[in-house]
Amino acid sequence: GHGDSPATKYIFSATTLGQIEVEIPGLKPDDPVMTQAEFSRAATIYFERCAGCHGVLRKGATGKALTTDITRANGYEYLRDFITYGSPAGMPNWGTSGEMDEATIDLMARYLLIEPPQPPEFGMAEMKATWKVLVKPEDRPTEKLNDIDLDNLFSVTLRDSGQVALIDGASYEIHAIIETGYAVHISRISASGRYLFVIGRDALINMIDLWMETPATVAQIKVGAEARSVETSKFKGYEDKYAIAGSYWPPQYVIMDGDTLEPLKIVSTRGMIFDTQEFHPEPRVAAIVASHYKPEFIVNVKETGKILLVDYSDIRNLKVTSIEAERFLHDGGFDSSKRYFLTAANARNKVAVIDTKEGSLAALIDTGGQTPHPGRGANLMHPVHGPVWATSHLGDETVALIGTDPEGHPEQAWTVVQQLYALGGGSLFVKSHPTSNHLYVDAPLNPDAETSASVAVFRVDELDQEEPEYTVLPIGEWAGIEDGQPRVVQGEFNREGTEIWFSVWNAADKESAIVVVDDRTLELARVIKDQRLITPTGKFNVYNTRADVY
Ligand code: DHE
């Protein structure tokens, strides 16, 4: 068994994961020989590179299960080759891409034949030990001290430098670069627009005050060993009152004070899978959004397939509605009315729809493609079918348009009304804006370099055609980067919806860029380059993110 070794050690640090020190959990006679130092190194690499898809305990989700019953049956050579060459289903080619050398791949293949170590729990004592209020609420500005147009500010993830860049949506000027967690993941904005919350993969949260002369971190906390989601309360009367973060490890969520990040309530998500009602030890928390209809957080629990409506109006007597949805919930967003939340159960090729007003599952839709991955999705006014929400897919070129208007368009509601064919597999994000006539579809994980550096654009007013055509924007080419093979990822609109920004995401030691496209003409508006823009990926416009406009 794993995790029961009292000697299991695990080192946490506030800003980087560092080397993970874990003891080999009970070697069996036929286990591959591995030194303690090798095991710790492999555990660290696994945690940083593999756990996101395969799970800390290797039970699988976006990636296949890698428990020892499976890995030993497949054997060392199979594992070595799989890690080296990858697969079209989404496994990266760690060897041929040059990211892991032969010795590392050999180590990882051997490591997978041994039982996984279980990292320790992370409860209130551990959280409190990492919690820092750098500027107390009473010492913060009482009015905005800068002349930044906050609603048109972009928080840009600088993935590998563990920072965010705050970039002006009109002048493209970088107002600040702020140190955050390791392999920082997403940004969310408080209901008032004042506080920016950023979470790293190491579960470090930075709370940044945008009213300061130069925006800076005012509070910080680490809520676990690995995390992906953070959100703040948005319901009327609760603006800026609470924050919530979900973690992958340990599997839990925590509700925090919205002014200081003081942890108030930690809730484990371990429990039964919704359909088989079998216990799962690692049900990770994926996307979290804040309801506009009730004082509730909507929490997606990946492996057990449950969507939790967490009522924050009385957190001492916490009421949680647990909705049976589908396994492997990942990411999603609201429809244009903000009443319905659509979330992808990506390894099940489904989208679950939550009616946030009724507090129930409205529908479970087969998207007709392989591995839907919507980000927050995109809302369009379809010329024939009325309001629809779009998702692209990781596993193929299809884009599913799903009707979202049960009152005005009951026939179309919660069905795939149209399938579009974009550039190819490996898409992660789609984007539109209420004022835009375009739907943008990226393909950053496509194995073809030219495809992964391009974006497909559909015209919304041409969606009445049988097979609507798309325009290809050569974003990577427009960036004019000589060195490396950058991928183009995640469109994000400015406040007005007139320009859309794409990240041109290159290796950490190579030049990256942000390319701004004029939405009306589909022409290049600007290339933002700066030595400090290291590995830009996600971008979050303050207004669009806090108001859920997409
Ligand atoms: Fe993400 C959102 C998890 C890899 C960029 N990513 C999310 C969310 C989850 C998630 C659960 C939804 C958060 C929310 O809404 O509360 N991401 C994961 C993974 O588990 C995965 C597959 C593997 C991993 O090891 O982390 C993963 N993600 C990536 C990347 O490699 C990306 C492309 C680059 C990066 O920055 O690391 C990436 N993820 C993003 C972005 C969003 C996101 C840009 C927010 C999109 C949006 O528009 O809201």
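None of these values were measured; they are calculated from a predicted model. (Residues numbered from 1 in each chain as written. Predicted model: local features only at pLDDT ≥ 70, side-chain atom pairs only at ≥ 80, totals over all residues. Heavy atoms only, no water.)

With that settled, the discussion passes to the overall build of the protein chain. Along the backbone of the protein chain there are eight helices and 35 strands. Compactness check: the protein chain gives a C-alpha radius of gyration of 22 Å against a globular reference of 24 Å for 550 residues, within 12% of the reference. Its C-alpha atoms put the protein chain at 65 × 55 × 50 Å along the principal axes. Across the 550 residues of the protein chain, 60% fall into the buried class. Counted over contacts in the protein chain with a minimum sequence separation of 6, partners at least 24 positions apart contribute 53%. Accessible surface, the protein chain: about 21,200 Å² in total, of which carbon and sulfur atoms supply 48%. For the protein chain, the distance from the average position of its 50 positive side-chain charges to the average position of its 78 negative side-chain charges is 6 Å. (Helix = DSSP H or I, 4+ residues; strand = E, 2+ residues; numbered from the N terminus. Rg over C-alpha atoms; globule rule 2.2 N^0.38 Å. Buried < 20%, exposed > 50% of the residue type's maximum accessible area, 1.4 Å probe, protein only. Contact = heavy atoms within 4.5 Å. Areas by Shrake-Rupley, 256 points an atom, 1.4 Å probe, with all protein chains shown as cover. Lys, Arg positive; Asp, Glu negative; His and termini not counted. Charge placed at Lys NZ, Arg CZ, Asp CG, Glu CD.)

Once that is clear, we can look at the confidence of the model for the protein chain. Confidence in the prediction of the protein chain, expressed as mean pLDDT, is 93, and 94% of residues score 70 or more. In the model output, the complex is listed with pTM 0.89 alongside ipTM 0.98. (pLDDT = per-residue confidence, 0-100.)

One broad trend across soluble globular proteins is that nonpolar side chains are buried collectively. In this structure, Tyr46, Ile83, Met100, Met108, Tyr111 and Leu112 are the most contacted members of the largest nonpolar core, which totals 27 residues. For this core, the secondary-structure elements that each account for two or more residues are α1 (36-54), α3 (76-85) and α4 (102-111). With eight residues, α1 is the largest single contributor of residues to this core. If we ignore the near neighbours within four places in the chain, the residues touching Leu112 are Tyr46, Arg58, Leu66, Thr68, Thr71, Leu79 and Ile83. (Core = buried A, V, L, I, M, F, W, Y, C linked by side-chain atoms within 4.5 Å.)

Turning to the sheet that holds strand β7 (residues 204-209), a few remarks are in order. Ordered by their spatial adjacency, five strands build an open sheet running β1-β8-β7-β6-β5, and the pairing between neighbours is antiparallel. Of all strands in the sheet, those with a lone pairing partner are β1 (132-133) and β5 (186-189), marking the two edges. Across six bridges, the pairing between β7 and strand β8 (residues 216-222) is antiparallel. When the sheet's bridge partners are listed, Ile208 is paired in β8 with Thr217. (Pairing = 2+ DSSP bridges.)

Given a rise of 1.5 Å per residue, 19 residues ought to cover 27 Å, yet the end C-alpha atoms of α1 are separated by just 23 Å, more than 12% below that figure. Residue Phe47 marks the point of greatest curvature in α1, where the axis turns by about 50 degrees. Looking at α1, one finds that the buried residues are Phe39, Ser40, Ala42, Ala43, Thr44, Ile45, Tyr46, Phe47, Cys50, Ala51, Gly52 and His54. Backbone geometry just downstream of α1 places Gly55 in the positive-phi region, at approximately 90 degrees. (Expected span 1.5 Å × (residues − 1). Bend = angle between axes of the 7 residues up to and from the residue.)

Once that is clear, we can look at the layout of surface pockets. The volume enclosed by the second largest pocket comes to roughly 230 Å³. What lines the second largest pocket is a set of 16 residues, among which Ser336, Asn379, Leu380, Met381 and Pro434 lie closest to the centre. For the lining of the second largest pocket, the secondary structure elements donating two or more residues are β23 (378-382) and β24 (386-392). At three residues, β23 tops the list of elements feeding residues into the lining of the second largest pocket. Classifying every residue of the lining of the second largest pocket by side-chain character gives eight nonpolar, five polar and three charged. (1 Å grid on protein atoms, 1.4 Å probe; cavity = no way out; pocket = protein on both sides within 12 Å on 5 of 7 lines; lining within 4 Å. Points joined across faces, edges and corners; volume = space filled by probe spheres on them. Nonpolar A, V, L, I, M, F, W, Y, C, P; charged D, E, K, R; others polar.)

Of all residues adjacent to the ligand, which total 22 residues, the nearest are His185, Arg188, Tyr248, Arg376 and Thr537. Between the ligand and the protein, one listed contact pairs an oxygen atom with a side-chain N or O atom of Tyr248 at 2.7 Å. Counting residues per element, the ones that place at least two in the shell around the ligand are β5, β9 (226-232), β15 (285-290), β19 (329-334) and β35 (536-541). Among the residues making up the shell around the ligand, the classes are represented as nine nonpolar, seven polar and six charged. (Near = heavy atom within 4 Å. Polar contact = N/O pair within 3.5 Å; in protein donor to acceptor, adjacent residues only side chain to side chain.)

The next point concerns the packing of α1 against α4. α4 packs onto α1 with a crossing angle of 90 degrees between their chain directions and a minimal axis gap of 10 Å. Taken together, α1 and α4 sit at an angle that is classed as roughly perpendicular. Residue-level contacts link Glu38, Phe39, Arg41, Ala42, Ala43, Ile45, Tyr46 and Cys50 of α1 to Thr104, Leu107, Met108, Arg110 and Tyr111 of α4. Taken together, the residues of the contact of α1 with α4 sort by class into nine nonpolar, one polar and three charged. (Axes fitted to C-alpha atoms, helices over the stretch in contact; angles between N-to-C directions. Parallel < 35°, antiparallel > 145°, perpendicular 65-115°, else oblique.)

Right, let's get into the sheet that holds strand β22 (residues 360-366). The strand order across the open sheet formed by four strands is β19-β20-β21-β22, and the pairing between neighbours is antiparallel. Whereas interior strands pair on both sides, the edge strands pair on one side only; in this sheet they are β19 and β22. Neighbour-to-neighbour, the strand axes of this sheet turn through a mean angle of 25 degrees, independent of strand direction. When β19 meets strand β20 (residues 340-345), the two strands line up antiparallel, connected through four bridges. Its bridge partner being in β20, Gly333 is matched across the sheet by Leu342.

So, about the pairing of strand β6 (residues 195-199). The buried count for β6 comes to five of five residues, which makes it a mostly enclosed element. Here β6 shows no split at all, with Tyr195, Phe197 and Ile199 on one side and Leu196 and Val198 on the other all buried. Where β5 lies against β6, four bridges are found, and the strand directions are antiparallel. Within β6, the residue paired with Ile186 across the bridge is Ile199. Hairpin connection, β5 to β6: the antiparallel pair is bridged by five residues, and Gly193 has positive phi, about 90 degrees. Of the pairings in the sheet, the one linking β6 to β7 comprises five bridges and is antiparallel in character. The residue of β7 that forms the bridge with Tyr195 is Asp209.

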